[in-house]
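Notes for the structure review
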Amino acid sequence: SKATVSVLNCARPRPTPRTMPIQTALTKALGIQYPIVQGGMHWVGFAEMAAAVSNAGGLGIITALTMPGPEGLRKEIRKCKTMTDKPFGVNVTLLPLGPGKKVDFAGIVKVIIEEGIKVVETAGRNPEKVIKSLKAAGIYVIHKCVAVRHALTAQRLGADMVSVDGFECAGHPGEEDVGNWILLAKAGKKLTIPFIASGGCGTGSQLAAAMAMGASGINCGTRFMATKEAPVHDNVKQALVNADERQTTLVLRSLKNTERVLKTKTAVKVREIEAVQPGDIGAIYPLVKGDRYRKVFQETGDVEDCVFSCGQVIGLIEDIPSCAELCKRISDEAEDRLRSLQSHIVAKL
């Protein structure tokens, strides 16, 4: 009856109004809406990606090593400035690009300073020299690391924040195989500077959990690849949706430069070669070189024909939203989880 329908409608729970954004040391320091960082990603971190995330309320990041030298980076930074008036940063990963390839890190840092970039994500090997130069220019430094002892070193060197990167992550998780459930809890006890969670992140429940362990936000890489604005072939995005958390694998272990990648036919072949020719970069380099997956990302979409970084978060990727939809979804879910947890705290009798 109409009366019954009316009663049922009145009994329907009303959604919690979202009038208070989540504020953390990350959002306050950088002036961003959501405590969400888009980490550096080779052949993904172009101006289009960074601007989309920054316009969505997170922190977008351009990947320096993807650009053709310092002047290529300058061009990309200037392009990004035309696409957003929100804060965005640059990733500087202190790792070699391949045999015989040299990186002008001094030139990259010089361009970053000259172009007025306010925040830089560093990663990779000893960041002391780079952190010193960036801090002298007043730049906010977030150093990504895979061990708490490395985080403590970054703290001592002057980093403003660290991004604690668990074994679940895409790319290089280090050689110690420790996941975020341990790393974050330990970072919360040992660090005196703020930190964010990186590796396997892609949902609001994870943001809430990371905050419960003391983190000021999350860093997402693979999850942002599966967005409408990500500058990669649609086949790559759909492959991330179709896969589950079991479909990554580890390559380059024999070189002590472990990388978590999507388990493609090419990645399996790399593992087979490493098993019989451990430590021989020449034997696998044609299969793992960056230009091979650049071609797949930008041209062919033949996912099986390359090796590319991919995190276990693929098990949580079920759609391809816009960056704005994704950031809002993560924040809303985190807020709901944090509010609901309050109900578990009761007054002592």
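Analysis parameters
- Residues numbered from 1 in each chain as written.
- Predicted model: local features only at pLDDT ≥ 70, side-chain atom pairs only at ≥ 80, totals over all residues.
- Heavy atoms only, no water.
- Buried < 20%, exposed > 50% of the residue type's maximum accessible area, 1.4 Å probe, protein only.
- Helix = DSSP H or I, 4+ residues; strand = E, 2+ residues; numbered from the N terminus.
- Arc of directions from axis to C-beta.
- Core = buried A, V, L, I, M, F, W, Y, C linked by side-chain atoms within 4.5 Å.
- Contact = heavy atoms within 4.5 Å.
- Polar contact = N/O pair within 3.5 Å; in protein donor to acceptor, adjacent residues only side chain to side chain.
- Salt bridge = Lys/Arg side-chain N within 4 Å of Asp/Glu carboxyl O.
- Pairing = 2+ DSSP bridges.
- Axes fitted to C-alpha atoms, helices over the stretch in contact; angles between N-to-C directions.
- pLDDT = per-residue confidence, 0-100.
- Phe/Tyr/Trp six-rings, centres within 6.5 Å; stacked < 30°, edge-to-face > 60°.
- Lys NZ or Arg CZ within 6 Å of the ring centre and 35° of its normal.

1. Observations concerning helix α6 (residues 128–136)
For α6, every residue scored as buried is listed here: Val130, Ile131 and Leu134. Mapping the buried residues of α6 onto a view down its axis gives an arc of 95 degrees, with all of them on the same face. Of the exposed residues in α6, those oriented more than 90 degrees away from the buried face are Lys129, Lys132 and Ala136. Downstream of α6 by one or two residues, glycine 138 has phi in the positive range, about 80 degrees.

2. Comments concerning the nonpolar core
Ranked by size, the top nonpolar core spans 85 residues in total, and within it Leu73, Ile112, Phe224 and Phe308 carry the most contacts. Element by element, the count of residues in this core is highest for helix α3 (residues 47–55), at 6 residues. Apart from residues lying up to four places away in sequence, leucine 73 is in contact with Ile62, Ala64, Met67, Val90, Ile108, Val111 and Ile112.

3. What to know about the side chain of threonine 264
Mapped onto the elements, threonine 264 comes out in the loop between β10 (259–262) and α12 (265–276). A polar side-chain atom of threonine 264 sits 2.7 Å from the main-chain carbonyl oxygen of cysteine 306. The contact partners of threonine 264, leaving out residues within four places of it in the chain, are Val303, Glu304 and Cys306.

4. Side note on the pattern of salt bridges
Inspection of every chain in the model, using the stated rule, returns 21 salt bridges. Residue arginine 74 is joined to glutamate 114 by a salt bridge in which the shortest nitrogen-to-oxygen separation is 2.8 Å. Separated by 40 residues along the polypeptide, arginine 74 in helix α4 (residues 69–83) and glutamate 114 in helix α5 (residues 105–114) bring together distant segments of the chain. A relative accessible area of 42% means that glutamate 114 is categorised as partly exposed. The salt bridge involving glutamate 333 is made with arginine 337; its shortest N-O contact spans 3.9 Å. Separated by 4 residues within a single helix, glutamate 333 and arginine 337 lie in helix α15 (residues 323–341), roughly one turn from each other. Using a relative accessible area of 43% as the deciding quantity, one classes arginine 337 as partly exposed. One salt-bridge network, in which partners are shared between bridges, spans Glu71, Arg74, Arg78, Lys81, Lys110, Glu114 and Glu115.

5. Some points on the sheet that holds strand β1 (residues 36–38)
Spatially, 8 strands are ordered β1-β8-β7-β6-β5-β4-β3-β2 in an open sheet, and the strand pairing comes out parallel. With partners counted over all chains shown, the strands left at the sheet margins are β1 and β2 (60–63), one partner each. In this sheet, adjacent strand axes meet at a mean angle of 30 degrees when their direction is disregarded. In this structure, strand β7 (residues 195–198) lies alongside strand β8 (residues 218–220), joined through 2 bridges in parallel fashion. Residue pairing across strands places alanine 197 opposite isoleucine 218, the latter belonging to β8.

6. Looking at the confidence of the model for the chain
Across the chain, the average pLDDT comes to 93, with 93% of residues at or above 70. Ignoring residues within four places in sequence, the model shows residues 1–14, a span with pLDDT below 50, making 0 contacts including any to other chains.

7. Some points on the pairing of strand β3 (residues 88–94)
With 7 of 7 residues buried, β3 is to be regarded as a mostly interior element. Neither face of β3 is open: one carries Phe88, Val90, Val92 and Leu94, the other Gly89, Asn91 and Thr93, and all of them are buried. Bridge analysis of β2 against β3 gives 4 bridges, and the strand direction is parallel. Bridge pairing in β3 places glycine 60 opposite phenylalanine 88. Where β3 meets strand β4 (residues 119–124), 5 bridges bridge the pair, whose relative direction is parallel.

8. Details of the packing of aromatic side chains
Evaluation of the coordinates by the stated rule reveals 3 aromatic pairs. With a centroid separation of 6.4 Å and an interplanar angle of 40 degrees, the aromatic rings of tryptophan 43 and phenylalanine 46 are classed as tilted. The exposure class of tryptophan 43 is buried, given its relative accessible area of 15%. According to the relative accessible area criterion, phenylalanine 46 is buried, its value standing at 14%. Seen in terms of ring centroids, phenylalanine 297 and phenylalanine 308 are 5.1 Å apart; in terms of plane orientation they differ by 75 degrees. Their pairing is edge-to-face. Taken together, the residues span a long stretch of sequence, with phenylalanine 297 in helix α14 (residues 290–300) and phenylalanine 308 in the loop between α14 and α15 at a distance of 11 residues. Here the basic side chain of arginine 260 rests over the ring of phenylalanine 167, its NZ or CZ set 4.7 Å away from the ring centre.

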